[in-house]
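# Results of the structural survey
Okay, here's what each chain looks like letter by letter:
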Amino acid sequence: MTGGLATIASTIRHRLAHAGGDSRPHAMSVVSSDAGERVKVGSTLSGDSLFVLERDSRGGWSLITFQGTAESWPEEELAKVAPDPLWESADSICSHMEADHADTFGLFLGLIGRADFSETQDITMPWVESEGFYLTAGGEHHFIPFPQRCEDANSVRATLIKMLRGARAANSSH
């Protein structure tokens, strides 16, 4: 798992707290009840989520990943964890990629040996962080690492372009 679960949980909290008005960040849904709050990130049609962050009635937080990894923290402890440096631009990066460059997702999946997904299939980008990004295809979540850590949106853009050129070159040589 990338970035540490506490960093992912902190990032989800920051993205939600800074969403404008009634809007929710890209690929996130929130359900509140008397028992607490549940935030799902990158849910598939089958209901599997990339991450699920839960706040219980006592104020504790738990994060569960699609791989079944889980970790919990008291509010005070999680509040001290810095979010991923891309948290402020993650929504716009994912939304832009899905709207304008979804046709490249199949090539990115090929970088991790998953070229079996057609570029015409519904592939989404629910999450980006400084170490890489997730694509969801065929109900499965896949992490594509960046070749180097990206600290801001400009470095993500440059890195994605470089990765895409490499993927296209590798694809044309076959």
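As a starting point, this report considers the structure included with it. (Residues numbered from 1 in each chain as written. Predicted model: local features only at pLDDT ≥ 70, side-chain atom pairs only at ≥ 80, totals over all residues. Heavy atoms only, no water.)

### As for the overall build of the protein chain
- Along the backbone of the protein chain there are five helices and eight strands.
- The helix and strand sequence of the protein chain, counted from the amino end, reads α-β-β-β-β-β-α-α-α-β-β-β-α.
- The C-alpha atoms of the protein chain give a radius of gyration of 16 Å, which matches the 16 Å a tight globule of 174 residues would have.
- Expressed as lengths along the three principal axes of its C-alpha atoms, the size of the protein chain is roughly 55 × 35 × 30 Å.
- A buried classification covers 40% of the 174 residues belonging to the protein chain. (Helix = DSSP H or I, 4+ residues; strand = E, 2+ residues; numbered from the N terminus. Rg over C-alpha atoms; globule rule 2.2 N^0.38 Å. Buried < 20%, exposed > 50% of the residue type's maximum accessible area, 1.4 Å probe, protein only.)

### What about the sheet that holds strand 6 (residues 123-129)?
- A sheet is described by the order of its strands in space; here three strands give the open sequence 6-7-8, paired in antiparallel fashion. Looking at the sheet topology across the chains shown, the edges are occupied by strand 6 and strand 8 (140-145). Averaged over all adjacent pairs, the angle separating strand axes in this sheet is 25°, with direction ignored. (Pairing = 2+ DSSP bridges. Axes fitted to C-alpha atoms, helices over the stretch in contact; angles between N-to-C directions.)

### Things to note about the pattern of salt bridges
- All chains considered together, the criterion is met by eight salt bridges.
- Of the charged contacts in the structure, one is a salt bridge between Asp91 and Arg15, with a shortest N-O distance of 2.4 Å. Placement of Asp91 in helix 3 (residues 90-101) and of Arg15 in helix 1 (residues 5-17) is noted, with a sequence separation of 76 residues between them.
- Overall, Arg15 belongs to the buried group, its relative accessible area being 3%.
- In this structure, Arg38 engages Glu54 in a salt bridge whose closest nitrogen and oxygen atoms are separated by 2.2 Å. Taken together, the residues span a long stretch of sequence, with Arg38 in strand 2 (residues 36-41) and Glu54 in strand 3 (residues 51-56) at a distance of 16 residues.
- It is possible to trace a salt-bridge network through shared partners that takes in Glu131, Arg149 and Glu151. (Salt bridge = Lys/Arg side-chain N within 4 Å of Asp/Glu carboxyl O.)

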